[in-house]
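# Descriptive analysis of the structure
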Amino acid sequence: YTIAGDGPQRKQLEAQITELGAGDQAELLGWQTQKGVAQLMADAHVFVLPSVTDANGDKEGTPTVLLEAQSAGLPIISTTHAGIPEIVSDGNTGYVVPERNVPALIDSLEQMLSQPDLWSEMGQAGREYVETRHSVEVVTEKLSSVYERALR
C-alpha cells in the first residue's frame, strides 16, 4: 500500500505499521505535489479513501481527489461520508462502505483485489461519470445557466 498525505496521525500510523510488521507492504510518502499525486494515480490499480467524521463532528465536503482518481480511471473504495456517495456509485465505479466499518472496508478491498478484471470496468465507469458530470465544460455550462437565470 502506498499512502500519500500527511497529518497529525502519521506517528501513530508509523507505529501501527511497525507493530504489524507491515513495513515491507506499506509505504508512507507524506505530502505530495499535484504532479506527484498524478504519477501515483497513474501507477495505481485502486484508490482507497476511507474518510470519517471527526470526534468533534468535523467532516470534509466532497473530496475532489475522488473525482481526480476516477478521472484517472481508478476504481474507488471509500465511505458513506459527506458527499462521497453522490460521486462514487457503489458497485459501479467502486465500493462505498459505512464510516469506521473496518471489516466492510477490508471486505471491499479484498473483493476488489481478487477481481482485477473489475478494475478497468469500474475505472472506465468512473472516468465516464466525471466526464459527463464534472468536466470543465459541463460545470461551466451549469454555472453559466445559474448566472443567466439569476440575471433575468
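Residues numbered from 1 in each chain as written. Predicted model: local features only at pLDDT ≥ 70, side-chain atom pairs only at ≥ 80, totals over all residues. Heavy atoms only, no water.

## Remarks on the overall build of the protein chain
For the protein chain, the helix and strand inventory stands at seven helices and five strands. Mapped from its N terminus to its C terminus, the protein chain presents α and β elements in the order β-α-β-α-β-α-β-α-β-α-α-α. Residues counted as buried form 29% of the 152 residues belonging to the protein chain. For the protein chain, long-range pairs separated by at least 24 residues make up 54% of all intrachain contacts whose partners lie at least 6 apart in sequence. Carbon together with sulfur atoms contributes 52% to the accessible area of the protein chain, which is approximately 10,000 Å² in total. Positive and negative side-chain charges in the protein chain, numbering 10 and 22 respectively, have mean positions lying 9 Å apart. (Helix = DSSP H or I, 4+ residues; strand = E, 2+ residues; numbered from the N terminus. Buried < 20%, exposed > 50% of the residue type's maximum accessible area, 1.4 Å probe, protein only. Contact = heavy atoms within 4.5 Å. Areas by Shrake-Rupley, 256 points an atom, 1.4 Å probe, with all protein chains shown as cover. Lys, Arg positive; Asp, Glu negative; His and termini not counted. Charge placed at Lys NZ, Arg CZ, Asp CG, Glu CD.)

## A look at the packing of helix α3 (residues 64-71) against helix α6 (residues 117-133)
Where α3 meets α6, the axes come as close as 7 Å, and the angle between the chain directions of the two elements is 120°. Remark: the crossing between α3 and α6 carries left-handed chirality. Residues L67, Q70 and S71 of α3 pack against G123, G126, R127, Y129 and V130 of α6. Looking at side-chain class alone, the contact of α3 with α6 contains three nonpolar, four polar and one charged residues. (Axes fitted to C-alpha atoms, helices over the stretch in contact; angles between N-to-C directions. Left-handed = near helix turned anticlockwise from the far one by under 90°. Nonpolar A, V, L, I, M, F, W, Y, C, P; charged D, E, K, R; others polar.)

## What to know about the nonpolar core
F47, L66, A69, I76, I87 and V88 are the most contacted members of the largest nonpolar core, which totals 13 residues. Put simply, the parts of the chain that give this core at least two residues each are α3, α4 (84-87) and α6. The element contributing the most residues to this core is α3, with three residues. Those residues in contact with A69 that lie beyond four places of it in its chain are M41, F47, L74 and I76. In terms of nonpolar packing, the next biggest core, distinct from the first, is built from eight residues, Y95, M112, L118 and W119 among them. (Core = buried A, V, L, I, M, F, W, Y, C linked by side-chain atoms within 4.5 Å.)

## With respect to the pairing of strand β2 (residues 27-30)
In the sheet, strand β1 (residues 2-4) pairs with β2 via three bridges, with the strands oriented parallel. In the sheet register, I3 faces β2, and the bridge partner there is L28. For the segment spanning β1, helix α1 (residues 10-19) and β2, crossover handedness is right-handed. (Pairing = 2+ DSSP bridges. Right-handed = clockwise from strand over helix to strand, strands pointing away.)

## A word on the sheet that holds strand β5 (residues 94-97)
Judged by pairing direction, the sheet is parallel, and its three strands sit side by side in the order β3-β4-β5 without closing on themselves. Looking at the sheet topology across the chains shown, the edges are occupied by β3 (47-49) and β5. Recorded for the sheet is a direction-independent mean angle of 10° between the axes of neighbouring strands. Note that β3 and strand β4 (residues 76-79) share three bridges and pair parallel. What sits directly across from V48, in β4, is I77.

## Regarding the packing of α6 against helix α7 (residues 136-151)
One way to put it is that α6 packs onto α7 with a least axis distance of 5 Å and a crossing angle of 35°. Contacts between α6 and α7 involve E131, T132 and R133 on the former and, on the latter, V138, V139 and K142. Here the contact of α6 with α7 is composed, by residue class, of two nonpolar, one polar and three charged.

Such coordinate-based values are descriptive only and should not be taken to indicate function.
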